[in-house]
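Structural description and commentary
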Amino acid sequence: MGSKTKEQLLEELLEVQKMLEEKTETQGQMIKRFQMLIENEGLFSQIIDFLPYPLAIFTPQYTLAMTNKAFTAETKTRFMNPEKGTVRIILHKIDDIQLAAAVTRVFKGGTFFLEDLKNPFSMFSGITQQDAPQSERFNKAVIFSVPADDAKITYGVIVFMP
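**Quick word on the confidence of the model for the chain**
For the chain, the mean per-residue pLDDT works out to 79, and 76% of the residues sit at or above 70. By mean pLDDT, helix α1 (residues 2-50) is the weakest element of the chain at 73, and helix α3 (residues 97-105) is the strongest at 94. Low pLDDT, under 50, characterises residues 80-84; the predicted model gives this stretch 2 contacts beyond four residues in sequence or across chains.

Next comes the structure, spelled out in structure tokens:
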């Protein structure tokens, strides 16, 4: 009985060691990615900001992580800092069924090109129907996912186009 208990204990210790090694490797990868982001932050931010089309990057919880200058100009809404509050995509405010489906399915790895959108900016919290841009200028959108290295989808992106 004593030797069997020792074997079980050794097996459990090996499993715990494996788990700790995997977590350490994952943390190392995250640190490397964060360092790369810091090194290249200016370039990526500039590319996103100078894109002439409104762009919104959002999380699986439908909270905006980032928008660009074109989004701010079009919606006349500033992206709020997490300390002050969050801007969210509110699914029940999406009148267009194809847009609602794309926003929810993007986290399953889908990429969508949508046309004939009506008032798509009204789906964001803080932008009321009256405040939303009434122009039909941005009536198309591309919605795609951004996976992490482990293939888990961490962000969805919406690019609104004329």
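This is not the end of the story, as more comes after the structure.
**Overview of the pattern of salt bridges**
Under the counting rule described, the total for this entry stands at 1 salt bridge. Across the salt bridge formed by arginine 137 and glutamate 74, the nearest N and O atoms sit 2.6 Å from each other. You can see arginine 137 sitting in the loop between β3 (112-114) and β4 (140-147) and its partner glutamate 74 sitting in helix α2 (residues 69-75), a full 63 residues away along the chain. The exposure class assigned to arginine 137 is partly exposed, which follows from its relative accessible area of 48%.

**Brief notes about empty space enclosed by the protein**
Under the criterion given, the structure shown has 1 cavity of 30 Å³ or more. Taken as a whole, the largest cavity encloses approximately 50 Å³ of empty space. Residue lining of the largest cavity: Lys93, Ile94, Asp95, Asp96, Leu99, Lys118, Asn119, Pro120, Ser122 and Met123, and that is the complete set. Split by residue class, the lining of the largest cavity holds 4 nonpolar, 2 polar and 4 charged.

**Some remarks on a nonpolar patch on the surface**
Together, Leu9, Leu10 and Leu13 line one region of the surface with nonpolar side chains, adding up to about 300 Å² of accessible area. Note that leucine 10 resides in helix α1.

**Things to note about the packing of aromatic side chains**
One pair of aromatic rings is described through two measures. These are the centre distance and the angle between the planes. Throughout the structure, instances matching the rule amount to 8 aromatic pairs. The interplanar angle of 90 degrees and the centroid separation of 5.1 Å between the aromatic rings of phenylalanine 71 and phenylalanine 124 together place this pair among those described as edge-to-face. Of this pair, phenylalanine 71 sits in helix α2 while phenylalanine 124 is found in the loop between β3 and β4, placing the two residues 53 residues apart along the sequence. Like phenylalanine 71, the residue phenylalanine 124 is buried in the burial classification. Clustering of aromatic rings is evident, with ring pairs tying together Phe71, Phe121, Phe124, Phe138 and Phe160.

**Remarks on the pairing of β4**
Within a regular beta strand, the side chains point alternately toward one face of the sheet and then the other, so they alternate between its two faces. Bridge count for β3 against β4 is 3 bridges, and the pairing is antiparallel. Within β4, the position partnered with phenylalanine 112 by the bridge is isoleucine 143. Relative to strand β5 (residues 153-161), β4 is paired through 8 bridges, and the arrangement is antiparallel. Looking at β5, one finds that phenylalanine 144 is bridged to valine 157. Count of turn residues in the β4/β5 antiparallel hairpin: 5 residues, of which alanine 151 carries a positive phi of about 75 degrees.

Calculation criteria
Residues numbered from 1 in each chain as written. Predicted model: local features only at pLDDT ≥ 70, side-chain atom pairs only at ≥ 80, totals over all residues. Heavy atoms only, no water. pLDDT = per-residue confidence, 0-100. Helix = DSSP H or I, 4+ residues; strand = E, 2+ residues; numbered from the N terminus. Contact = heavy atoms within 4.5 Å. Salt bridge = Lys/Arg side-chain N within 4 Å of Asp/Glu carboxyl O. Buried < 20%, exposed > 50% of the residue type's maximum accessible area, 1.4 Å probe, protein only. 1 Å grid on protein atoms, 1.4 Å probe; cavity = no way out; pocket = protein on both sides within 12 Å on 5 of 7 lines; lining within 4 Å. Points joined across faces, edges and corners; volume = space filled by probe spheres on them. Nonpolar A, V, L, I, M, F, W, Y, C, P; charged D, E, K, R; others polar. Patch = residues over 30% accessible without salt bridge, like charges linked within 9 Å, V, L, I, M, F, W, Y side chains within 5 Å. Areas by Shrake-Rupley, 256 points an atom, 1.4 Å probe, with all protein chains shown as cover. Phe/Tyr/Trp six-rings, centres within 6.5 Å; stacked < 30°, edge-to-face > 60°. Pairing = 2+ DSSP bridges.

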